Amino acid sequence: MLFSTIEFVVFFIVVLAAITIIKNRQFQHLFLLSASLFFFYYSSNYLLILLISSILLNFYLGKQIWKTESQHQKKILLALSLAGNLALLGFFKYADFAILQFNILGQELNLNPDIPFLNLALPIGISFYTFQAITYTVDIYRGKLIPSKTLREFALFVSFFPQLVAGPIVRASEFLPQLRAKIQQYETGTKLRQIVIENPNLRLGITIMAFGFFKKIFIADNLILLTEHHVAEPELESFMVIIRTIAFGIRIYCDFSGYSDIAIGAAMILGFKLPVNFNKPYFATSPSDFWKRWHISLSSWLRDYLYIPLGGNKKSVSNTYLNLIIVMFLGGLWHGASWNFVIWGLLHGLYLAIHKMLLNKFPVLKDLRFFKTKTGKIISIFITQYFIFLAWIPFSIADTNLMFVNMQKYVFLDFLTENSIPFIISQKYPIAIMGFFVLLHLISYRTKNLPTKLSKLKLPYWILFLFVTLFFILFFYGGNPEPFIYFKF
Amino acid sequence: MPNLESLNSNSKITLSALSVLLFSFLLVIFFMNTYTSSMEDNKTVFYHQVFDSNEKKIFLIGSSQTGQLNEVFIQNLIFDPKSNYKIYNLSYGEDSPERRLAYIDDIISAKPENVIYGIGFRDFAKGTWVFTDPDTQKENILPEPEIYFQNIERNVGLSLNLDYENLKYPQAIIRNILHNMISSPSDYQTTEYGATLTKPFWPSFDRLSTIATDEALRDIYVQQCEQNDRRCSLSYDPINPSEENKNFIALKEIIKKLQENDIEVIVYSTPHNKYFLDSMRESDKQIFDTFLSIISDEFDIPVYQLHDRYINQQIWYDNSHIALGNNDISHNVDIGQIILDELKN
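Residues numbered from 1 in each chain as written. Chains lettered and ligands numbered in written order. Predicted model: local features only at pLDDT ≥ 70, side-chain atom pairs only at ≥ 80, totals over all residues. Heavy atoms only, no water.

A closer look at the overall build of chain A
Line of reasoning, step 1. On a plain count of helices and strands, chain A comes out with 21 helices and 0 strands.
Line of reasoning, step 2. Here the C-alpha radius of gyration of chain A, 24 Å, is about what a compact globule of 489 residues would show, namely 23 Å.
Line of reasoning, step 3. Across its three principal directions, the C-alpha atoms of chain A cover 70 × 65 × 55 Å.
Line of reasoning, step 4. Within chain A, the fraction of its 489 residues that count as buried is 56%.
Line of reasoning, step 5. Considering only contacts in chain A between residues 6 or more positions apart, those separated by 24 or more positions represent 76%.
Line of reasoning, step 6. Accessible surface computed for chain A: about 21,300 Å², of which carbon and sulfur atoms make up 68%.
Line of reasoning, step 7. One way to put it: in chain A the 43 positive side-chain charges average out to a point 16 Å from where the 24 negative ones average out. (Helix = DSSP H or I, 4+ residues; strand = E, 2+ residues; numbered from the N terminus. Rg over C-alpha atoms; globule rule 2.2 N^0.38 Å. Buried < 20%, exposed > 50% of the residue type's maximum accessible area, 1.4 Å probe, protein only. Contact = heavy atoms within 4.5 Å. Areas by Shrake-Rupley, 256 points an atom, 1.4 Å probe, with all protein chains shown as cover. Lys, Arg positive; Asp, Glu negative; His and termini not counted. Charge placed at Lys NZ, Arg CZ, Asp CG, Glu CD.)

Next up, the structure:
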C-alpha cells in the first residue's frame, strides 16, 4: 500500500479509530500487528509468507541464542540466523543478477551455460525487514538485548506498518522497549499500559506527515519525467546532464525522506518513536558528514553491524580504507542487484577513504579555521555536493554506456547550449520546482526544528499551514500515485 | 480516568485535519469542473471564430500522438508562404473517437478542406494503457483487496457524478494555466513546445521534446510492467470487435458526417515503437488492422498504416510518442507528403 494514496489515508484513519477504541494493550498490539500484516498483504499478496517466515525464524533463533550457555552453540545459532536472513535476501534479490553474471562469464570462457532466469518477484521491503531482524539476533548474541517474550511483540517489531517497506531501519533495542513500557504519559491510575494518542504527538505527527507528503507528491513526483527521461548521446550536453543530475538528487531526497517523514509521523501519532533518517544531507561538508545525514538508519547499521565487525579503524590505516570501501560496496549492492549501485557504493567508499586519507596525511586540515568560517563552510558544502551529485549519476542510470557518457559530461563541461536552451525551456516547470525546493531547503536549514515549531502554532495558523500544504499537494498531483524509489530496494 | 481535556483536544485536532482534507478535495473538484468547462469554452471560441474566407484549412485531429506532429514545420515544408492552405493541429490529450464525436459539428462548422485523423490502438481499448508482457504475468493466489478498494473508489466517484478521468490530472491543468499566465500570445506563435494559434488545444506538455535512448525506452517498458506487475493484464482490456466497439462506431459516424459535408478525410495509424508493439496482443493488432480495412472499404478513403513505420528510428520520446523537438523527423515529412499526395488527387 502506497502512503500517497487514498487507500492509505482510509487505512490510517481506521487504525487510529480502532486504537482509540481498544483499551487493552494486548489487544491494541494484536490489532496493530494484524493491521501491519494486512498493510503488507495489500501490496504483496502471497509474499506475506516470506515476512512471516522471517519473523518465525528470527524469533525462535533469538530465543535459542539467549537460552544457550555455550558460546560455540550461540555462534552456530547466530550463523544460522544470518544465513537464513541473507539467504532469503540473496535468493529473492540477487539470484537473477548472479545467474546473469554467471552466464556472461560462461560465454567469455566459451562454455555457453545459458542458465534460465528465475524471474522472481522482488518482495517489497525485504531489504529493510531482514536488516531489522538481523539487529535482533545479533544484539541478543552480543548480550545487548533480552529476547522478546512473546511472538506477538516481536512480530509487531518486524512488521510495524509505518516503517515496514522502506524504513527507517529500526533496531530491536530501540523498538521493543517502547512496546514494553508504553505507559500513558498522563497516568490515570489504571494499570493498563496502553497506546494512547497524545495531543502533542498527534499534532507533530500530522505536521511531519504533511511534510512527507509534500516532499513526495509535490516535489519528487513532479521531477520524475525530467529525471527518467534520458536524452540520447548526440543531443546530450553538459548543462542538460547537470540539470538532470541535480533534479535526481532532489527527487531521491524528497522521495525517500518524504517516505521516512510519513513513517515517523504515523508512528509518532501512535506513540512510537522511530529514528531520524535524514538531516539535511545536502548541507554536508564532507563525505563522512554526508553519511551522518543521509539514510542515517542504514549508515549506522552498516557501521555497527559491518564496519566495526570488520575491524573498523582499529587495525592498520590501509585496513581502515579497505573496510570503508568494502562497507560502501556492500551498501551499494544492498540497494539493488545491478552494477550501477555497485559503482555508486564504490564511489562513496572511495570518497570516504580519500577524505580519511587526507585528514590522516594533513591533520592540520581538521583544525583549519578557514573551514569553520561561513565562506569555508560554503566552499566545503559545494565541493562535497559536487561529488555526491556525481555519484547520483550511476545510481540513477543503469545502462553503463549512458552512465559513463553522463559522468564524462558532468566532469568535463562542454559549454554547448544548442540543445540545452530548448531543453531548459521545455523543462521550465520541473526546474521551477527545483528552485522552490532549494529555497525551502535553505529555510528548513536555517530554522531549527521546523516541524516542531509549526506543530506548536495556534490552531487556526496550524490549520492554515495544513491547507497550504494540501493545496500544493492536490493541485500539483500528477494523476498516478508513484511508488517510492526505495520500494525497489 | 482518561484525561478529558486531552481527548477533547485530540478530537479538535483530528477534526481540523479531516476538515482541511475534505475542504481541499472539494476545492480541487470544484476547480477541475470549472476548468473543464472553460476548456470547452475555449474549443467553442476556436471553432466559431471568423476565419479568413480565403483560407483553406487542413485539420490534423487525434490524441497526444497526433499532438506530437509539428504542423508549422509541415506547413513550411509543403506549402509556399503565399499559399491559401493552412494546417491546424487540433489534437488533444486522451482524445478518442467517442469524445471527438461531441465536437464534430464544430469541426464541420469551421469548414476545413481536409481532415487528417490519427488513430491508434488505445482509441479502441478501455482502461489505463500499460505495457503488458503476457509471458511474464504472475497470477496471485490470494484475493487482492487493492482491486476491491479501487472498485469502491471508482463507484463512489461515479455515484457522486465526478468526471473521474479529469479529476486525475489537476497538475496538467495547473501547468497549462501557469504556461498561459507566463507566456504572451506572440510566444505561442514562435515556440514549438506549448499551445499555439495553430495548435490551440495542446497544453504545454513541455516534457515530450527530447529523444530517449533505446535503453531508456526499454527500461520504461520494463519499469511499467514491474510497477504494475499485478495489474498489467487488467490495465488494458482486449480490443472489442467492430460491432461492439463504441469508439469504432463513433469513428465511422465522424467519417460519415465529414463526408456528408464534402470534407475529405484521411486516416493514418499513429506510430509506436518496437517495445510498445511487442508488448501488444496479436489478436488486438489483428482487430485494429480489420478496423482500418473496414474504414477504407466502407468509406473509400485513404488509410495509411504508419504504426510500425518508425520502429527502428531514434526519434522517440517514449514508447508511443515521437519527440516533438526535432522538426525534420521523418514522421512530419511523411504526413506532409500524405497531405500533398491527397491534394494532388
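Topic: the side chain of B:Glu342
Residues and elements named next belong to chain B.
Line of reasoning, step 1. Positionally, Glu342 belongs in helix H15 (residues 330-344).
Line of reasoning, step 2. For the buried residue Glu342, which engages in no salt bridge, the nearest side chain bearing the opposite charge is Lys344, 11 Å off.
Line of reasoning, step 3. Polar side-chain contacts of Glu342 include one of 2.7 Å to the side chain of Tyr304.
Line of reasoning, step 4. When near neighbours in sequence (up to four residues on either side) are disregarded, Glu342 contacts Ile266, Pro302 and Tyr304. (Salt bridge = Lys/Arg side-chain N within 4 Å of Asp/Glu carboxyl O. Polar contact = N/O pair within 3.5 Å; in protein donor to acceptor, adjacent residues only side chain to side chain.)

Let's talk about the confidence of the model for chain A
Line of reasoning, step 1. Across chain A, the average pLDDT comes to 86, with 94% of residues at or above 70.
Line of reasoning, step 2. Counting interchain partners and residues more than four positions distant, the pLDDT-below-50 stretch residues 183-192 of chain A has 12 contacts. (pLDDT = per-residue confidence, 0-100.)

Details of the environment of A:Thr375
Line of reasoning, step 1. Mapping A:Thr375 onto the fold places it in helix H16 (residues 374-396).
Line of reasoning, step 2. Along the backbone, A:Thr375 and A:Leu202 are 173 residues apart, and their C-alpha atoms lie at a distance of 40 Å.

Brief notes about the packing of aromatic side chains
Residue and element names in this part refer to chain A.
Line of reasoning, step 1. Per the stated rule, a full pass over the model turns up 71 aromatic pairs over all chains.
Line of reasoning, step 2. For the ring pair Phe290 and Trp294, a centre distance of 5.6 Å and an interplane angle of 15 degrees mean the geometry is stacked. In this pair, the class of Phe290 matches that of Trp294, namely buried.
Line of reasoning, step 3. Over the aromatic face of Trp334 sits the side chain of Lys93, whose NZ or CZ is 5.3 Å from the ring centroid.
Line of reasoning, step 4. Lying over the aromatic face of Tyr445, Lys448 brings its terminal NZ or CZ to 5.1 Å of the ring centre. (Phe/Tyr/Trp six-rings, centres within 6.5 Å; stacked < 30°, edge-to-face > 60°. Lys NZ or Arg CZ within 6 Å of the ring centre and 35° of its normal.)

Quick look at the domain arrangement of chain A
Residues and elements named next belong to chain A.
Line of reasoning, step 1. Taken domain by domain, chain A comprises domain 1 (24-187) and domain 2 (202-488).
Line of reasoning, step 2. Its C-alpha centre places domain 1 at a distance of 26 Å from the equivalent point of domain 2.
Line of reasoning, step 3. Together domain 1 and domain 2 conceal approximately 2,800 Å² of surface at their shared face, both sides included; 68% is due to carbon and sulfur atoms.
Line of reasoning, step 4. Looking at the side of domain 1 facing domain 2, the largest losses of area belong to Phe97, Pro168 and Arg171, adding up to 20% of the total buried there.
Line of reasoning, step 5. If you look at where domain 1 meets domain 2, you find 1 salt bridge. (Domains from an automatic or database assignment. Buried area = accessible area lost by both parts, 1.4 Å probe.)

Things to note about the nonpolar core
Line of reasoning, step 1. In terms of nonpolar packing, the biggest core is built from 150 residues, with A:Phe8, A:Leu270 and A:Trp392 touching the most fellow members.
Line of reasoning, step 2. Here this core gets 17 residues from one element, more than from any other, and that element is helix H10 (residues 238-269) of chain A.
Line of reasoning, step 3. By size, the runner-up hydrophobic cluster in this structure holds 38 residues, among which are B:Phe121, B:Ile239, B:Ile254 and B:Ile263. (Core = buried A, V, L, I, M, F, W, Y, C linked by side-chain atoms within 4.5 Å.)

Looking at the packing of H10(A) against H16(A)
Residue and element names in this part refer to chain A.
Line of reasoning, step 1. Between H10 and H16, whose axes approach to 9 Å, the crossing angle comes to 80 degrees. What the angle tells us is that H10 and H16 run roughly perpendicular. On the side of H10, the interface is formed by Val241, Arg244, Thr245, Ile246, Phe248, Gly249, Ile250 and Ile252, while H16 contributes Phe389, Trp392, Ile393, Phe395 and Ser396.
Line of reasoning, step 2. Looking at the contact of H10 with H16, its residues break down into 9 nonpolar, 3 polar and 1 charged. (Axes fitted to C-alpha atoms, helices over the stretch in contact; angles between N-to-C directions. Parallel < 35°, antiparallel > 145°, perpendicular 65-115°, else oblique. Nonpolar A, V, L, I, M, F, W, Y, C, P; charged D, E, K, R; others polar.)

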